Every structure is written in C-alpha cells, then in structure tokens.
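# Geometric and topological summary
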Amino acid sequence: MENTIKKISQLSLIEDSLSDFIVLLEKVEYPKGHILIKAGRVERSVYFIEKGIARAYLDKDDKEITFWFGSESDILLSYNSFFVSQPGYESIELLEDSVLYKISNDILQNLYNNNLQLANWGRKLVESELIKTEERFISRQFKTAAERYKDFINSQPAILQRVQLRHIASYLGISQVTLSRIRADIR
C-alpha cells in the first residue's frame, strides 16, 4: 500500500504522515463482478486497488459505456461524490476478484485539513487524475480508432490481457467488430 501512495505523488511524505494515512485504511476484498460504486448514489469512500482491475461506466440507452480502467495502485472514487457530495454519474465494477483499501471521504478530508503533507499529496492526486482525464478526452476527439487502440496497448498492456474485448471496444468508442478489424490489421 505504501508504494501505491508514493506512486500517486512524487512529493516525499514524511514517514509520520504516511503512517497516519495508512493506519486509517481498511482492507476489503470483493469478488469479480461486484459493483463497488453505483450511479445515482453519493459514495462516501475512496478506494485504492492493491490487487485487481476495475472499470467505470455509464448506462446510456440500455448500453454500458466504459470510460475508464483501473488496476493495481489506482484509485477508485466518484468525482461528484468526493468533491461536491452529489450523487455520482458513474458505476464502478470490479473485473477480477479484488483486494482494495478503503478510507471514508470525511476521514480523508480531515487528514487534508490537519496535515499539510497529506493535503499536498491529495492535490497531486487530483492533478494526476485531471491530466489523465484530459488525455482521454483529447484522444477521443482527435485520434482515429486505430490510433486510440495503439495508445491503449502501449499505455495499458496489462489491462488488455485481463479485460473482455467488449469493454475495451466500449472504452475506445467503437464496436467489437471494428476492434477485431483493427486488431487483425495490426497483426
């Protein structure tokens, strides 16, 4: 868990701050297929993935649209719930049996208010997530499906081996048939 926390920010956390944070985390395990976060609800916790993989998706016109994947060392949260205490628009499903660490939003906010090191770590976490979101948006707007797939296999090769192709196609904004054609052309 310590490596996950340190990966999020290049800031060096003082060992006391790191210990203050880690001691408040609760280890939880859930099976493949578990819906960790459900759209339309205010989620009161943040999760860190120790083992497993997850996807965030929206239900649109009876179709699930995957827009994010997370794996070991990634964070799982509902942005709306975390930042503005509003119901989230996304659902997060675990795609493998998973081991997570959980902390409540209230406890995390209290840590941020009382520990400058952890507040800066939280700021770096948000900056990192914002950059990833912007990169995904730009990719979807300006790259071809084949380019998006190549970027995906270069940036997330482990996920490619662990996730169903239908979820990858949805993430890329294409059909499974189109994904199959792209994969055949690349081979």
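Each remark here, short or long, concerns the structure printed above.
Treat the numbers as computed from the prediction; the structure is a model and nothing was measured. (Residues numbered from 1 in each chain as written. Predicted model: local features only at pLDDT ≥ 70, side-chain atom pairs only at ≥ 80, totals over all residues. Heavy atoms only, no water.)

## A look at the overall build of the protein
Each helix and strand in the protein was counted, giving 9 helices and 8 strands. Each principal axis of the C-alpha atoms in the protein carries an extent, and together these give about 55 × 30 × 30 Å. By residue count, 41% of the 187 residues in the protein fall in the buried class. For the protein, contacts bridging at least 24 residues in sequence account for 69% of all contacts bridging at least 6. Working note: accessible area of the protein is about 10600 Å², and carbon and sulfur atoms make up 49% of it. Separation between the mean location of the 25 positive side-chain charges and that of the 26 negative ones in the protein comes to 6 Å. (Helix = DSSP H or I, 4+ residues; strand = E, 2+ residues; numbered from the N terminus. Buried < 20%, exposed > 50% of the residue type's maximum accessible area, 1.4 Å probe, protein only. Contact = heavy atoms within 4.5 Å. Areas by Shrake-Rupley, 256 points an atom, 1.4 Å probe, with all protein chains shown as cover. Lys, Arg positive; Asp, Glu negative; His and termini not counted. Charge placed at Lys NZ, Arg CZ, Asp CG, Glu CD.)

## A look at the sheet that holds strand β2 (residues 35-37)
Strand order in the open sheet formed by 4 strands is β2-β7-β4-β5, and the pairing between neighbours is antiparallel. Two strands in the sheet have a free side with no partner beyond their single neighbour: β2 and β5 (63-70). Averaged over all adjacent pairs, the angle separating strand axes in this sheet is 35 degrees, with direction ignored. Both strand β4 (residues 54-60) and β5 contribute to a ladder of 7 bridges, which runs antiparallel. Of the residues in β5, the one forming a bridge with Asp 59 is Glu 64. On the sheet, helix α8 (residues 165-172) packs against β4 and β5 and is oriented at approximately 90 degrees with respect to β5. (Pairing = 2+ DSSP bridges. Axes fitted to C-alpha atoms, helices over the stretch in contact; angles between N-to-C directions.)

## Thoughts on α8
When you tally the buried positions in α8, you get 6 out of 8 residues, the bulk of the element. Its buried side turned inward, α8 meets β4, β5, α5 (116-142), α6 (145-155), α7 (157-162) and α9 (176-186). Phi turns positive one or two residues past the end of α8, at Gly 173, with a value near 80 degrees.

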